[in-house]
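# Structural characterization, general
Residue-level listing of the chains:
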Amino acid sequence: MEALVALLRFPFYSFGKQSYQVRSSLLLPSPSALKGALAKGIILLSGKKGNSLDEIAEKTVKELENKLIYVGAKPYKSSIIKTPVLLKRLRNLEDPKNPEKSDAMRREYVFTREILIIYVFKGNLSEKEKDLMLRAVYLIDQLGDTECVGNVIKAEWVEVKEEKTPLKAYVKFKKVSKMNINGGIIENMLETPNFGNKAKEEPYLLPLIEKRYRRNSYYVESDRIFDGNYKIIAFNEVIGLWI
């Protein structure tokens, strides 16, 4: 198996359940968001055709999921801070007859320095496919809410080794619920993008712990929740995975 790992600089982002005005955020981007972000790059590079954008996107995501074994994310050498903000923006693209229409939305945003995203693929990708994936990941420029823009600093393919290593990236909770877990945070995430159907959320275990400074909360990586069964080394960091 091989993993495509990318270092993203998104100073803030917001991933929430489907709602319009008030919305809380996940601590890390969900598997569905990461799959959709990579699929977008693949579509832009390959020029896929279809009757609608949703049809092209849904087909591309399914093709991608058939090649993937694991998708996840983790903070990169930084803590995570959640805070609600009042966001006011012009929505002139939505109503051309009223170009100065504005909207104030209560959103919870996550602030961090950088994050790592990890795509583990089955071991049968051709060099052409690997090159396409690598170029596609560099096209990721948005995560979560439309205001959350950033860029990919670097990306690389790394070998996935079968070796016990302290878990560093999140894992589906039901796969490890019978294990002796020391800490962690449970969050419900979408596994795959929602294309009009009611997608099901699954509980995921995030190897993070909450800390407090005065009245504020922040989140850091746990020193040890349990050992993953695989590991990768990316950008001089050892990352334990559960596959």
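Conventions adopted
- Residues numbered from 1 in each chain as written.
- Predicted model: local features only at pLDDT ≥ 70, side-chain atom pairs only at ≥ 80, totals over all residues.
- Heavy atoms only, no water.
- Helix = DSSP H or I, 4+ residues; strand = E, 2+ residues; numbered from the N terminus.
- Buried < 20%, exposed > 50% of the residue type's maximum accessible area, 1.4 Å probe, protein only.
- Pairing = 2+ DSSP bridges.
- Axes fitted to C-alpha atoms, helices over the stretch in contact; angles between N-to-C directions.
- Core = buried A, V, L, I, M, F, W, Y, C linked by side-chain atoms within 4.5 Å.
- Contact = heavy atoms within 4.5 Å.
- Expected span 1.5 Å × (residues − 1).
- Phe/Tyr/Trp six-rings, centres within 6.5 Å; stacked < 30°, edge-to-face > 60°.

### Things to note about unusual backbone geometry
Of note in the backbone geometry, Phe235 takes a positive phi value of approximately 50° without being a glycine. Inspection of the secondary structure assignment puts Phe235 in the loop between strand 14 (227-234) and strand 15 (237-241). In this structure, Asn236 is a non-glycine residue whose phi angle is positive, near 65°. Take Asn236: it is sitting in the loop between strand 14 and strand 15. Its relative accessible area of 80% is what places Asn236 among the exposed residues.

### A look at the sheet that holds strand 15
With antiparallel pairing, the three strands of this open sheet are ordered in space as 8-14-15. Taken across any chain shown, the strands that pair with only one partner, and hence form the sheet edges, are strand 8 (161-166) and strand 15. Neighbour to neighbour, the strand axes of the sheet diverge by 55° on average, direction disregarded. Here strand 8 pairs with strand 14 via four bridges, running antiparallel. If you follow Glu162 over to strand 14, its bridge partner there is Tyr230.

### Considering the nonpolar core
Of all hydrophobic cores here, the largest spans 58 residues; its most connected members are Ile117, Ile118, Tyr119, Phe121 and Ile140. Counting residues per element, this core draws most heavily on strand 6 (residues 115-121), which supplies seven residues. With near-sequence residues (within four places) excluded, Ile118 lies in contact with Ala3, Leu4, Val5, Tyr70, Val71, Gly72, Ala169, Ile232, Ile239 and Leu241. Counting residues in each nonpolar core, the second largest holds six residues, with Leu167, Leu205, Ile225 and Phe226 among its members.

### Notes on helix 1 (residues 31-46)
Because each turn of an α-helix spans 3.6 residues, side chains separated by three or four positions in sequence point in the same direction. Across its 16 residues, helix 1 extends 22 Å between first and last C-alpha, which sits within 8% of the 22 Å expected from 1.5 Å per residue. Pro31, Ser32, Leu34, Lys35, Ala37, Leu38, Ala39, Gly41 and Ile42 are the residues of helix 1 that are buried. Looking at the buried side of helix 1, the elements it contacts are helix 2 (53-65), strand 3 (68-75), strand 6, helix 3 (127-137), strand 10 (185-190) and strand 11 (201-206).

### Quick word on the environment of Gly184
Relative to the elements of secondary structure, Gly184 occurs in the loop between strand 9 (171-172) and strand 10. Its relative accessible area of 30% is what places Gly184 among the partly exposed residues. For the pair Gly184 and Glu210, spaced 26 residues apart in sequence, the C-alpha to C-alpha distance is 8.7 Å. Contacts of Gly184, omitting those with residues within four sequence positions, involve Leu205, Leu206, Leu208 and Ile225.

### Considerations on the packing of aromatic side chains
A full pass over the atoms with the stated rule returns six aromatic pairs. Both rings, one in Phe121 and one in Trp157, keep their centres 5.5 Å apart while their planes meet at 50°; by these two values the pair is tilted. Placement of the pair is Phe121 in strand 6 and Trp157 in strand 7 (residues 151-159), with a sequence separation of 36 residues. For the pair Phe121 and Trp157, one class covers both residues: buried. Between Tyr170 and Tyr204, the ring centres sit 5.5 Å apart and the planes meet at 80°, which makes this aromatic pair edge-to-face. A residue pair is termed long-range when its members are at least 10 positions apart, and Tyr170 in the loop between strand 8 and strand 9 and Tyr204 in strand 11 qualify at 34 residues.

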